[in-house]
Amino acid sequence: MIKKILEKKKTWIQIAQVVLAAIILEAASFFQINLLVKSSRREAALKANSVLSTTEYEIRDVIDEAEQAVRSNMWIVQWCMDNPDSLMSVTRRIVEDTPSVVGSAVALVPGYNKDLPFFAPYAHSVNGEIEELSLATDKYNYPVHEWFIEPLETGMGCWSEPYMDTGGGNILMTTYSRPVNDPHNVTAAIMTADVSLEWLSQHVGKVNIYPQAFSILLSQKGKVLMGPADSLKMSFTVQDWEKSSFDQESFDKLKSEMLAGKRGVITLHTPTGITYVHYGPVSRTGWSMAVVIPDREVYKDVRRIGIICAILQILALAMLIYILFSVARSWMEYQQTKDIEEKMESELQIGRDIQMSMIPKPLPGREDLDIAAVIVPAKQVGGDLYDYYIRDNKLIFCIGDVSGKGVPASLVMTVTRSLFRNVSAQEDDPARIVTDINHSLMDNMSENEMFVTFFCGVLDLQNGLLRYCNAGHNAPFLLTDHIEELHVAPNLPLGVLEGMVYEGQETSLRYDDALYLYTDGVSEAEDPDHQLFGLERTEAVLHQRRSAQGHLDAMREAIEAFVQDAPQSDDITMLFIHYLNDNTQPAIMARHLILHNNIQQIPQLAEFVETIAEEKNLDQAMAMSLNLALEEAVTNVILYAYPDGIDGLVDIEAYIHDDCLEFIISDSGKPFDPTAAPEADVTLGVEERSIGGLGIYLVRNIMDTVSYRYENGKNILVMIKKI
Amino acid sequence: MEVFIEKENNVTTARFVGRLDTPASQEVSQSIEPILNDPTGTIVLDCKEMSYISSSGLRIFLTIRKAAAAKGGNVIVKDINNDIRQVFMMTGFLNLFEIQ
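Residues numbered from 1 in each chain as written. Chains lettered and ligands numbered in written order. Predicted model: local features only at pLDDT ≥ 70, side-chain atom pairs only at ≥ 80, totals over all residues.

Enquirer: Just to check I follow, could you spell out the overall build of chain B for this structure?
Expert: Tallying secondary structure elements over chain B gives four helices and five strands in all. Looking at the 100 residues of chain B, the share that counts as buried comes to 44%. Taking the contacts inside chain B whose residues are at least 6 apart along the sequence as the reference set, 71% of them involve residues at least 24 apart. (Helix = DSSP H or I, 4+ residues; strand = E, 2+ residues; numbered from the N terminus. Buried ≥ 20, exposed ≤ 12 C-beta atoms within 10 Å, placed from the backbone. Contact = placed C-beta atoms within 7 Å.)

Quick look at the structure:
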């Protein structure tokens, strides 16, 4: 089935459409993901800037705090300059009061105090305890340290580069140092506050926005004040950072921008992907801060969502394609079933059409006959047929059932029906009709094994004589004063035996007798329990007195009521003939007499005429007149038509009509027109009267019409006498 | 068809019994030879028992009538039934014979 679907060009087009739809869907989703990535990047930038500002503020807070601590104690230092021993308490208070400051010193400018050329009390916090010590040792030698020299030279407060204070706090720190002037504006001492970078990185600049993102704080000279754990070493400078696999050009730019205290963002390309670096200065310190965000971090979630979405979409598409195929398959199956059904339906229709085209036209209304017929085709048409027509005042009828069903049966039915029409057109003996049909059918049907049960009847409407011949068909019902099955010889059906000579039978119908013919679709109609309709039910319907059509309608109703919902398995065909001619006298009677040209046979003619006169109840005078006319005409032939000694025949036909008698006298003798002979003059006297001419004179006087013709070597004299 | 001929005095009577059709006429034409040989006096043709007559029968009657006329005889047709009378009338024979 699937293969078959794939073989169709249309299917491929549909598959292409599905694929296109999938591409569009994926493209839409890609576009969406892309938008998400972009917005994530924007968000990342915002976050980075926010981290930058926050960190800057936090650092500035720390710085402000440290600077503030120094500034706010400067006056005490100035004031204590005369009593340097109290300076230690100042540094101690600064460390105690300022959380961000881990150490504080007041280092006297050497030589300012003559008594104390080197004096530098220092307090710092060690594990929460304040320790006091002096930086004015030989080992430390404070005046050489940067934190002391730079403010002394610039006269301004400044922040040192980060350094490991081995002499003081032994921690990585940066120091704010500021000169303290005496009232004479002479620099007397340098005052400091140490900020632990460890503390700083613990308290500020937490970049929690992405797991792999981090921030870096650079000093003025490019030393890392704050950064990933590994970089928190004095030796780790930007040059070291440089060693990471950034592309050189971008990194150089970043470095110079940062050291120049500029603000911005730069994209670095690394083997693991793009990295964004947002950077900006930390005011007043000369430091620069950078937030480093690897691009893949930014859209990691988005990418995960994207992948999940893509997988879901592919699953959905797969399902969609499966559904499409299923629908296509069931549609094709439906189409095939439908095609088969339609084909069957059209075959059935053909069979039905053939059958229905064979139905004879209804007879014009007659007083001597009530006839009705019906054929109810089954869904799968059988080969039932019936036919009837009137010829020579005879009803010629038949009913039959072709074995098998469908179009083949219909065709055999058609042939049988045509044969019936052809044969019965020239033959009114049912036995010979059936024999002839069988003969022709055997020629046509030798190959298939079909046969036809057939009943043919010829009903003489004048006298009710029913001649019939049965060829294996159901015996019809004969309805007289009681109901019985017509006695039929169980002959073989048509199409079985070549050369079969069928025997006819006959019976006589009287006024009001009827004949009911049917096919086995009636008797074998089944109810849902497979019970047969049977003959008893048939008979029960026939008991009621009805018109021919009424009987058939009643029978149909009875069958329908009996079978209920059971499907009709065979054609139902019925023919009902009600004989209604109560005239015992035939309308036309033919009598035939053949005489030799022997005058001694004239008495036979007299008898012939006498019989006709009796049948027609003619009076004596009329009978004698007819006798006389016929004798004169026939005598004429006997005596004069043939030469002496030659045997010849005179043919006398008599037709008895309702209102007249018709005699036709023919002979094969020499042509002679008696009507042209001279007539006797009946007005003459005895002496003048001739002996001849009286005969024809009598014929003319007795008969109403006398006509002569010579045809096919015969003298034909037609005489008509009205009665 | 039978013909009985009797002669009594001057009266000859021919009694026809049966049907005087064509074959019968052929026989009768011989039976009536005595009358034709002596067609004198009164000739009575008794048709009381004659049921039928054809043109050949009529010709026999006419032959007798002609013979009688030649010899001065008188022919009487007696007791013809109505049917035969019709034929006589039709053929004008009523005028040729004296019908009783």
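Enquirer: Would you explain the overall build of chain A in this entry?
Expert: The helix and strand inventory of chain A stands at 17 helices and 27 strands. Out of the 723 residues in chain A, the part that is buried amounts to 35%. Nonlocal contacts in chain A, meaning residues at least 24 apart in sequence, comprise 64% of its contacts between residues at least 6 apart.

Enquirer: Hey, could you run me through the packing of helix α15 (residues 602–615) of chain A against helix α16 (residues 620–640) of chain A in this one?
Expert: A pair of packed helices is captured by two measures, namely the crossing angle of their axes and the spacing between those axes. Residue and element names in this part refer to chain A. Put simply, α15 and α16 touch, their axes get as near as 9 Å, and they point 145 degrees apart. As α15 runs across α16, the sense of the crossing is right-handed. Contact residues: α15 offers Ile 602, Leu 605, Ala 606, Val 609, Glu 610 and Ala 613, while α16 offers Met 622, Ala 623, Leu 626, Asn 627, Leu 630, Glu 631, Val 634 and Thr 635. Class assignment for the residues of the contact of α15 with α16 results in ten nonpolar, two polar and two charged. (Axes fitted to C-alpha atoms, helices over the stretch in contact; angles between N-to-C directions. Left-handed = near helix turned anticlockwise from the far one by under 90°. Nonpolar A, V, L, I, M, F, W, Y, C, P; charged D, E, K, R; others polar.)

Enquirer: Can you walk me through the interface of chain A and chain B in this structure?
Expert: Where interface size is quoted, it is often the accessible area lost as the parts come together. Taken together, the contacts link 22 residues of chain A with 20 residues of chain B. Counting residues per element, the ones that place at least two in the side of chain A that touches chain B are α15, α16 and α17 (694–702) of chain A. For the side of chain A that touches chain B, the leading source of residues is α16(A), giving eight residues. Of the residues that constitute the side of chain A that touches chain B, the class distribution is eleven nonpolar, seven polar and four charged.

Enquirer: Help me out: how do you make sense of the sheet that holds strand β16 (residues 452–460) of chain A in this one?
Expert: Sheet strands pair by backbone hydrogen bonding; their relative direction is either parallel or antiparallel. Residue and element names in this part refer to chain A. Judged by pairing direction, the sheet is antiparallel, and its five strands sit side by side in the order β14-β15-β16-β17-β20 without closing on themselves. Unpaired on one side and paired on the other, β14 (382–391) and β20 (505–508) mark the two borders of the sheet. Taken over all neighbouring pairs, the strand axes of this sheet differ in orientation by 15 degrees on average, direction set aside. Inspection of the sheet shows β14 paired to strand β15 (residues 394–405) by ten bridges, in the antiparallel sense. (Pairing = 2+ DSSP bridges.)

Enquirer: Which parts of the structure should I look at to understand the packing of helix α9 (residues 300–357) of chain A against helix α10 (residues 406–424) of chain A?
Expert: All names here are of chain A. Contact pair α9 / α10: the axes reach a minimum separation of 9 Å and the direction vectors enclose 15 degrees. Viewed along their axes, α9 and α10 adopt a mutual orientation that is roughly parallel. Classified by chirality, the crossing of α10 by α9 is left-handed. On α10, the residues touching Glu 347, Ile 350, Gly 351, Ile 354 and Gln 355 of α9 are Gly 406, Val 407, Ser 410, Met 413 and Thr 414. Grouping the amino acids of the contact of α9 with α10 by side-chain chemistry returns four nonpolar, five polar and one charged. (Parallel < 35°, antiparallel > 145°, perpendicular 65-115°, else oblique.)

Enquirer: Can you help me understand the environment of A:Asn73 in this one?
Expert: Residue and element names in this part refer to chain A. Summarising the element assignment, Asn 73 is placed in helix α2 (residues 9–79). Note: C-alpha distance between Asn 73 and Thr 91 (18 residues apart in sequence) is 8.8 Å. Aside from chain neighbours lying at most four places away, what touches Asn 73 is Val 90 and Ile 94.

Enquirer: What exactly am I supposed to notice about the confidence of the model for chain B here?
Expert: Should pLDDT be low for a region, the predicted coordinates there are not to be read in detail. This prediction gives chain B a mean pLDDT of 90; 100% of its residues lie at or above 70. ipTM for the predicted complex: 0.92, alongside a pTM of 0.40. (pLDDT = per-residue confidence, 0-100.)

Enquirer: Looking at this structure, I do not really get the pairing of β16(A). What am I missing?
Expert: Along any regular strand, the residues point their side chains to alternate faces of the sheet. Residues and elements named next belong to chain A. By the criterion of burial, β16 is predominantly enclosed, with eight of the nine residues buried. Examined bridge by bridge, β15 and β16 share nine bridges and lie antiparallel to one another. Among the inter-strand pairings, Lys 394 is bridged to a residue of β16, identified as Asp 460. Of the strand pairs in this sheet, β16 and strand β17 (residues 465–471) are connected by six bridges, and their pairing is antiparallel.

Enquirer: Can you help me understand the sheet that holds strand β22 (residues 572–579) of chain A in this one?
Expert: All names here are of chain A. Taken together, five strands build an open sheet; the order of strands is β13-β22-β21-β18-β19 and the sheet is antiparallel. Here the strands that pair on one side only, and so sit at the sheet edges, are β13 (369–376) and β19 (483–485). The sheet shows a mean angle of 15 degrees between the axes of neighbouring strands, taken without regard to direction. The pairing of strand β18 (residues 477–479) with β19 spans three bridges and is antiparallel. The partner of Phe 477 across the bridge, within β19, is Glu 485. Sheet strands in contact with helix α14 (residues 548–563) are β13, β21 (514–518) and β22, and its direction is about 150 degrees off that of β22.

Enquirer: What exactly am I supposed to notice about unusual backbone geometry here?
Expert: Note: most residues except glycine have negative phi, and most peptide bonds are trans. Residues and elements named next belong to chain A. Here the phi dihedral of His 530 falls at roughly 65 degrees; this positive angle occurs in a residue that is not glycine. Tracing the chain through its elements places His 530 in the loop between α12 (520–523) and α13 (534–542). Of note in the backbone geometry, Asn 617 takes a positive phi value of approximately 55 degrees without being a glycine. Relative to the helices and strands, Asn 617 resides in the loop between α15 and α16. A tally of 9 C-beta atoms within 10 Å means that Asn 617 is categorised as exposed.

Enquirer: Would you explain the environment of B:Gly92 in this entry?
Expert: Residue placement: B:Gly92 occurs in the loop between α4 (82–91) and β5 (98–99). Those residues within four positions of B:Gly92 in sequence are excluded, and the remaining contacts are A:Val682 and A:Thr683.

Enquirer: Where do I start with helix α7 (residues 248–259) of chain A in this structure?
Expert: Because each turn of an α-helix spans 3.6 residues, side chains separated by three or four positions in sequence point in the same direction. All names here are of chain A. Look at α7: 16 Å from first C-alpha to last across twelve residues, which is about the 16 Å you get at 1.5 Å a residue. When α7 is considered as a whole, its buried residues turn out to be Leu 254, Glu 257 and Met 258. Along α7, the residues classed as buried sweep out an arc of 95 degrees about the axis, all on the same side. The outward face of α7, more than 90 degrees from its buried face, is lined by the exposed residues Gln 248, Glu 249, Asp 252 and Ser 256. Residues of α7 that are buried sit in contact with β8 (214–218), β10 (264–270), β11 (273–282) and β12 (287–294). Gly 261 sits one or two positions beyond α7 and adopts a positive phi of about 75 degrees. (Expected span 1.5 Å × (residues − 1). Arc of directions from axis to C-beta.)

Enquirer: Sorry, what's going on with the pairing of strand β26 (residues 705–711) of chain A here?
Expert: All names here are of chain A. Here seven bridges tie β26 to strand β27 (residues 714–722), and the two strands are oriented antiparallel to one another. Following the sheet pairing, Thr 705 is matched in β27 by Ile 720. Counting the residues between successive antiparallel strands, the hairpin from β26 to β27 contains two residues, one of them, Asn 712, with a positive phi of roughly 50 degrees.

Enquirer: Could you clarify how one ought to interpret the confidence of the model for chain A in this entry?
Expert: Per-residue pLDDT for chain A averages 83, and the proportion of residues at 70 or more is 92%. Below pLDDT 50 for its whole length, residues 230–240 of chain A participates in 18 contacts with residues either more than four positions away or in separate chains.

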